[in-house]
Amino acid sequence: MCSEVGNNKVDETPSSTNPSDYGSNLRIIDCSAQIRELQTIIRDKNTSRSDFKFYADRLIRLVIEESLNQLPYSDCSVVTPTGAIYDGLKYRSGNCGVSIIRSGEAMEQGLRDCCRSIRIGKILVESDAETHAARVVYARFPDDIAKRQVLLMYPIMATGNTVIQAVNVLKDHGVPETAIILSNLFCTPVAASMVVTAFPDMKILTSELHASAPNHFGQKYFGTD
């Protein structure tokens, strides 16, 4: 968007790729050489679909595991096979995943691989062909979702409109912002600004903040490109 100053237009489109500019609840996982390679393969137009899916699944797993680190834990003690007491940790409350159809479904298996038998809900958001306004057309959640920590899964966030609609539905079902963690692979500054402004108390975890998002992700992953 632009605002006019005199006869000149000043571009105010968010462009910062510094996560600290978007508040403490937006986090980017540590960018190792391995992660940068995965991002590169996913972005490369010459990557075959089989390679794309394989390396996308690897990146998804890394993001999901780091997302799980953001969940609340409590202390617990267990007895080991030798009879010793081990002081450890356990999840503080019930958790569930919610995928935004369709690209978010690519992240479901990664969550199931990390959390055995976890329940997963779904949200379908569609954009109007003429106005491009996003609206929710389907939502299905566990009955007690308001009491759970929610990992909202959506790999590509280019504008933030779809995520905003999805979070509004979760809030309508009694889920507080503080109980939602958005697990994301690629996010643009525009989307980051939109979402953190709308939901300042929601945690967002992504692998990259970049002006260009690989919007071909869903089509390539599911073979519909």
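Note that the structure is predicted; figures quoted are calculated from it, not measured. (Residues numbered from 1 in each chain as written. Predicted model: local features only at pLDDT ≥ 70, side-chain atom pairs only at ≥ 80, totals over all residues. Heavy atoms only, no water.)

(A) Quick peek at the nonpolar core. Core analysis: the largest hydrophobic core is formed by 33 residues, its most contacted members being L152, V163 and L170. For this core, the elements supplying multiple residues, two or more each, are β6 (95–101), β7 (119–127), β9 (149–153), α4 (161–172), β11 (180–183) and α5 (189–198). Ranked by residues supplied to this core, first place goes to α4 with six residues. Those residues in contact with L170, other than ones at most four positions away along the chain, are V98, I123, F141, I145, V150, L152, V175 and I180. Of all hydrophobic cores here, the second largest spans 28 residues; its members include I60, M107, C115 and M153. (Core = buried A, V, L, I, M, F, W, Y, C linked by side-chain atoms within 4.5 Å. Buried < 20%, exposed > 50% of the residue type's maximum accessible area, 1.4 Å probe, protein only. Helix = DSSP H or I, 4+ residues; strand = E, 2+ residues; numbered from the N terminus. Contact = heavy atoms within 4.5 Å.)

(B) Up close: the packing of aromatic side chains. Tallying each qualifying case throughout the model produces five aromatic pairs. For the ring pair F217 and Y221, a centre distance of 5.8 Å and an interplane angle of 15 degrees mean the geometry is stacked. You can see F217 and its partner Y221 sitting in helix α6 (residues 217–222), four residues apart, about one turn around the helix. Here F217 and Y221 have matching classes, each one buried. Among the aromatic residues, those joined into a cluster by ring pairs are F52, F217, Y221 and F222. Here R102 stacks its cationic end above the ring of F222, 4.1 Å away from the centre of that ring. (Phe/Tyr/Trp six-rings, centres within 6.5 Å; stacked < 30°, edge-to-face > 60°. Lys NZ or Arg CZ within 6 Å of the ring centre and 35° of its normal.)

(C) Main features of helix α2 (residues 49–69). End to end, α2 covers 30 Å across 21 residues, agreeing with the expected 30 Å (1.5 Å per residue, within 8%). Listing the buried residues of α2 in full gives F52, A56, L59, I60, V63, I64, S67 and L68. (Expected span 1.5 Å × (residues − 1).)

(D) Local environment of the pattern of salt bridges. Considering all chains together, one arrives at nine salt bridges under this definition. Of the charged contacts, one joins E66 and R27 as a salt bridge, the two residues approaching to 3.4 Å between their closest N and O atoms. Here E66, found in helix α2, pairs with R27, found in strand β3 (residues 26–28); they are 39 residues apart in sequence, far enough to count as distant. Among the salt bridges present, the one from R112 reaches E108, with a minimum N-O distance of 3.5 Å. Of this pair, R112 and E108 both sit in helix α3 (residues 108–114), four residues apart, which is roughly one turn of that helix. Given the relative accessible area of 38%, R112 is considered partly exposed. Residue E108 is classed as buried on the basis of its relative accessible area, which comes to 7%. Several salt bridges converge on common partners, so that one network encompasses E105, E108, R112 and K122. (Salt bridge = Lys/Arg side-chain N within 4 Å of Asp/Glu carboxyl O.)

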